[in-house]
Amino acid sequence: MSPEKTKELLDKYPKLLERISHFEHGDGWFSLLDNLFDKLNHITNIQFVQIKEKFGSLRAYYTFKEYEDARDNENDLLADVIDIVISAAEEQSCTTCEDCGSTDNTTTGATRYWIRTLCQPCREQEYIRLGY
Ligand SMILES: [Zn+2]
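In this text the structure is predicted, and so the values were computed from the model without any measurement.

A. Main features of the packing of helix α2 (residues 30-40) against helix α3 (residues 73-93). Running from N to C, α2 and α3 point in directions that differ by 170 degrees, and their axes come no closer than 10 Å. Classified by the interaxial angle, the pair formed by α2 and α3 is roughly antiparallel. Contacts between α2 and α3 involve Leu-32, Leu-36, Lys-39 and Leu-40 on the former and, on the latter, Ile-82, Val-85, Ile-86, Ala-89, Gln-92 and Ser-93. Partitioning the contact of α2 with α3 into residue classes produces seven nonpolar, two polar and one charged.

B. Representation of the pairing of strand β1 (residues 46-54) within the structure. Direction of pairing for β1 relative to strand β2 (residues 57-64): antiparallel, over a ladder of eight bridges. Paired with Lys-52 across the two strands is Arg-59, which belongs to β2. Where β1 hands over to β2, the hairpin turn is made up of two residues, of which Phe-55 adopts a positive phi near 50 degrees.

C. Geometry of the environment of Asp-11. Looking at where Asp-11 falls in the secondary structure, it is placed in helix α1 (residues 3-12). Residues Asp-11 and Leu-78, 67 residues apart in the sequence, show an inter-C-alpha distance of 25 Å.

Definitions and cut-offs
Residues numbered from 1 in each chain as written. Predicted model: local features only at pLDDT ≥ 70, side-chain atom pairs only at ≥ 80, totals over all residues. Axes fitted to C-alpha atoms, helices over the stretch in contact; angles between N-to-C directions. Helix = DSSP H or I, 4+ residues; strand = E, 2+ residues; numbered from the N terminus. Parallel < 35°, antiparallel > 145°, perpendicular 65-115°, else oblique. Contact = placed C-beta atoms within 7 Å. Nonpolar A, V, L, I, M, F, W, Y, C, P; charged D, E, K, R; others polar. Pairing = 2+ DSSP bridges.

See below:
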């Protein structure tokens with residue numbers, strides 16, 4: 001994600017993203033992440049550790065701040081709920097263009113070696129960029 005968009009999210013969710021310095025995917029998933037972080041922002045004892053693209057979809061990994069926190073039943077339940085919320089965002093990324101954020105006519109497929117979720121115009125741009 002571009003430095004400008006990255007900074008916007010880091011400034012908006014400083015506690016949740018304290019351990020994140022960059023997002024390993026395109027700008028198209030900005031709103032999707034903004035919505036995800038907005039839902040989780042009130043949970044004070046978790047931090048994201050990595051957010052990236054894998055096989056054309058979003059992957060967001062988090063941890064509990066304190067090791068002991070992760071061991072009690074309340075946090076087990078909380079983790080289940082957080083996992084559902086994150087899974088929904090990851091699912092949404094499978095039909096959201098990673099470059100522009102469009103949800104029209106997106107496909108998840110390989111351009112040469114890399115599997116990406118892109119809308120038709122962005123995929124054509126990708127082909128041109130890669131010299132097809
Ligand atoms: Zn696009």
